[in-house]
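# Fold and geometry: a report
Here are the chains, one letter per residue:
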Amino acid sequence: MANTETPWRDESLLYELYWEQNLSTNEIADELGCEQSTVWGWMDRFDIPRRSAYEAATNRRLHPAVFTDRGYVICASNYRGSTDSVGIHRLVMVAEHGFGAVVEKHVHHQNGVRFENRPENLELLTRGEHAQRHGFGTEIRPSKQELGNLQRERDERGRFK
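A brief report on the enclosed structure follows. Computed from a prediction, not measured in an experiment: that's the story for all the values here. (Residues numbered from 1 in each chain as written. Predicted model: local features only at pLDDT ≥ 70, side-chain atom pairs only at ≥ 80, totals over all residues. Heavy atoms only, no water.)

This brings us to the packing of aromatic side chains. On inspection of all chains with the given rule, the structure shows 2 aromatic pairs. A ring pair is formed by tyrosine 18 and tryptophan 19, whose centres lie 5.2 Å apart and whose planes are at 85°; its orientation type is edge-to-face. Tyrosine 18 sits in the buried class, given a relative accessible area of 5%. Residue tryptophan 19 is classed as partly exposed on the basis of its relative accessible area, which comes to 27%. Each ring, one from tryptophan 42 and one from phenylalanine 46, has its centre 5.6 Å from the other, and the planes form 40°; the classification is tilted. (Phe/Tyr/Trp six-rings, centres within 6.5 Å; stacked < 30°, edge-to-face > 60°. Buried < 20%, exposed > 50% of the residue type's maximum accessible area, 1.4 Å probe, protein only.)

Laid out in structure tokens, this is it:
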């Protein structure tokens, strides 16, 4: 019988989530309400084998949209060992204006929130215009409180993993 207060201590549950449901250790930690390191530790204690690097990469390709460490949402493709990616903000602008209008331009987030990819928040700029926006101290970034609120809203909607 599984302990509901510490479900990560249930060997059969960990095995099912990891191997049968194909969840990542990060997704398992989120589901069970613990840290990823806790999941790793208990998997090690139970000798639950981990997926190979190839299997893990294959699993990531099932969810191609990810958040980068710089706050952008990108869509990545791994084909024959080569990974290419494009920012979702660029894809939004291609959908709005066509490839020809976007190809030589930078896509700027007007409110400074890199994961806020609504068309009304994006604008096409030349490289020089974009550098000027960021280089001359134009205050485009939201306050820390506003950014925190936006990140909480994003998390409530669900973030890509």
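Attention now moves to the pattern of salt bridges. A pair can form between side chains of opposite charge whenever their charged atoms are brought close. This model, assessed by the stated rule, comprises 4 salt bridges. A salt bridge links glutamate 120 to arginine 118; its shortest N-O distance comes to 2.8 Å. We classify arginine 118 as partly exposed; its relative accessible area is 37%. In this structure, the salt-bridge partner of arginine 133 is glutamate 123, at a minimum N-O distance of 2.4 Å. With arginine 133 in helix α7 (residues 127-135) and glutamate 123 in strand β5 (residues 122-125), this pair connects stretches of sequence that are 10 residues apart. Since its relative accessible area comes to 28%, arginine 133 is described here as partly exposed. Several salt bridges converge on common partners, so that one network encompasses Glu116, Arg118 and Glu120. (Salt bridge = Lys/Arg side-chain N within 4 Å of Asp/Glu carboxyl O. Helix = DSSP H or I, 4+ residues; strand = E, 2+ residues; numbered from the N terminus.)

For residues that are not glycine, phi is negative in most cases, and the peptide bond is trans in most cases. Even without being a glycine, asparagine 22 presents a positive backbone phi close to 60°. For asparagine 22, a relative accessible area of 29% puts it in the partly exposed group. Even without being glycine, aspartate 47 reaches a positive phi, approximately 55°. Residue placement: aspartate 47 occurs in the loop between α3 (36-45) and α4 (53-61).

This next bit is on the nonpolar core. Formed by 13 residues in total, the largest nonpolar core has its most connected members in Leu14, Ile28, Leu32, Cys34, Val39 and Met43. Secondary structure elements with two or more residues in this core: α1 (11-20), α2 (25-32) and α3. Apart from residues no more than four positions distant in its own chain, valine 39 is found in contact with Leu14, Thr25, Ile28, Ala29 and Cys34. Listed in part, the 5 residues of the second largest apolar core include Val92, Val102, Val107 and Leu122. (Core = buried A, V, L, I, M, F, W, Y, C linked by side-chain atoms within 4.5 Å. Contact = heavy atoms within 4.5 Å.)

It is worth spelling out the side chain of aspartate 10 at this point. Examined against the element boundaries, aspartate 10 turns out to sit in the segment before α1. There is no salt bridge for the buried aspartate 10, and the closest opposite charge comes from arginine 9, which lies 11 Å off by N-O distance. A polar contact is formed between the side chain of aspartate 10 and the side chain of serine 12, at a distance of 2.8 Å. (Lys, Arg positive; Asp, Glu negative; His and termini not counted. Polar contact = N/O pair within 3.5 Å; in protein donor to acceptor, adjacent residues only side chain to side chain.)

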